[in-house]
Amino acid sequence: MGSIVSASNRPRDDRTVEVDEGLEARLVDVESAVVTYVVRITEASRYDLASVLSALDDDTSASDAFRSQLNAVAAMTGMVGLGASSLHVYGQTSRFPVVNKVPLPVFQAQVALVRAAKSEIRDPSPGTLDALESANEELAAMRARYVS
């Protein structure tokens, strides 16, 4: 018989990713809105979750535009390495981002939560709600394990 591998008995992954402070704050806003939503699904909690997700989309669009602009400048000037040292910061929107080091499993759980929340907002069903609740529980487990 195979053993069940849960978040609590998986080997600890100590890798981190660099995340712009603004993006990390927005991801925490999503977490908070999800908790409010799953505790009590109302038009207000649904609207709040949709609003936070929309703001997150705006932030990621700004980051994508920044990266495109930096890449275009690098291509035009021939300075391929221009800003390359900080281009691995998720959510970066300026040359000198304020960076948080986030445990990789926490960041991956945050991304999964955002995807589940978007699915629930786009097409709510018992299945999407279950997926959202599961993603929320997984993120809580990752935070408990990796964030002190």
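Use the structure listed above.
An account of the accompanying structure is given in this report. (Residues numbered from 1 in each chain as written. Predicted model: local features only at pLDDT ≥ 70, side-chain atom pairs only at ≥ 80, totals over all residues. Heavy atoms only, no water.)

1. Side note on the overall build of the protein chain
Counted only if it meets this: The helix count covers DSSP runs of H or I at least four residues long, the strand count covers runs of E at least two residues long, and both are numbered beginning at the N terminus. Between buried and exposed lies partly exposed: a residue is buried under 20% and exposed over 50% of the maximum accessible area for its type, with that area taken using a 1.4 Å probe on protein chains only. We call two residues in contact whenever any of their non-hydrogen atoms come within 4.5 Å of each other. For accessible areas, the Shrake-Rupley method is used with a probe of radius 1.4 Å. Any residue's cover is judged against the shown protein chains and nothing else.
Helix and strand counts for the protein chain stand at four helices and two strands. In sequence order, the protein chain lays out its α and β elements as β-α-α-β-α-α. In the protein chain, which comprises 148 residues, the proportion classed as buried is 35%. Contacts spanning at least 24 positions in sequence make up 75% of the contacts within the protein chain whose residues lie at least 6 apart. When the accessible surface of the protein chain is summed, it comes to about 8800 Å², and 56% of that surface belongs to carbon and sulfur atoms.

2. Digging into helix H3 (residues 104–122)
A turn of α-helix holds 3.6 residues, and therefore any two residues three or four places apart point the same way. Heads up, the condition is: What a helix should span is 1.5 Å times the count of its residues minus one.
Its 19 residues place the ends of H3 27 Å apart at the C-alpha level, agreeing with the 27 Å of an ideal helix rising 1.5 Å per residue. Taken residue by residue, H3 has Leu104, Pro105, Val106, Phe107, Ala109, Gln110, Leu113, Val114, Ala116, Ala117, Glu120 and Ile121 as its buried positions.

3. A few points about the packing of aromatic side chains
As a reminder, the rule being used: Each Phe, Tyr or Trp ring (for Trp, its six-membered ring) is paired with any other whose centre lies within 6.5 Å, and the angle between the two planes then decides the class: stacked below 30 degrees, edge-to-face above 60, tilted in between.
Counted by the stated rule, this structure contains one aromatic pair. Between tyrosine 90 and phenylalanine 107 the ring centres are 4.8 Å apart and the planes differ by 35 degrees, which places this aromatic pair in the tilted class. Taken as a pair, tyrosine 90 in the loop between helix H2 (43–77) and strand S2 (99–103) and phenylalanine 107 in helix H3 lie far apart in primary sequence, 17 residues in all. Of the residues examined, tyrosine 90 reaches a relative accessible area of 40% and is grouped as partly exposed. Using a relative accessible area of 10% as the deciding quantity, one classes phenylalanine 107 as buried.

4. Topic: the packing of helix H1 (residues 21–39) against H3
Quick note on the threshold: For every element, the axis is a line fit to its C-alpha atoms; helices are fit only across the contacting stretch, and the angle between N-to-C directions ranges from 0 to 180 degrees. Working definition: roughly parallel below 35 degrees, roughly antiparallel above 145 degrees, roughly perpendicular at 65 to 115 degrees, and oblique for all remaining angles. A clockwise turn of the near helix away from the far one marks a right-handed crossing, whereas an anticlockwise turn of less than a right angle marks a left-handed crossing. Under the scheme applied, nonpolar residues are Ala, Val, Leu, Ile, Met, Phe, Trp, Tyr, Cys and Pro; charged residues are Asp, Glu, Lys and Arg; polar residues are all the others, including Gly.
Their axes nearest at 10 Å, the elements H1 and H3 cross at an angle of 50 degrees. Considering the angle they form, H1 stands oblique to H3. Relative to H3, the crossing made by H1 is left-handed. Only Phe107, Gln110, Leu113, Val114, Ala117 and Glu120 of H3 make contact with H1, whose side of the interface consists of Glu24, Leu27, Val30, Glu31, Val34 and Tyr37. Partitioning the contact of H1 with H3 into residue classes produces eight nonpolar, one polar and three charged.

5. With respect to the nonpolar core
A general feature of soluble globular proteins is that nonpolar side chains tend to end up buried together. Selection criterion: Grouping buried Ala, Val, Leu, Ile, Met, Phe, Trp, Tyr and Cys residues that are joined through side-chain atoms within 4.5 Å yields what is termed a nonpolar core.
Ranked by internal contacts, the top residues of the largest apolar core, which has 28 residues, are Val30, Val34, Leu49, Leu53, Leu113 and Leu132. Secondary-structure elements contributing two or more residues to this core are strand S1 (16–20), H1, H2, H3 and helix H4 (126–146). If you tally residues by element for this core, the top one is H3, at nine residues. The residues touching leucine 53, leaving out its near neighbours within four places in the chain, are Val30, Val114, Ala117, Lys118 and Ile121.

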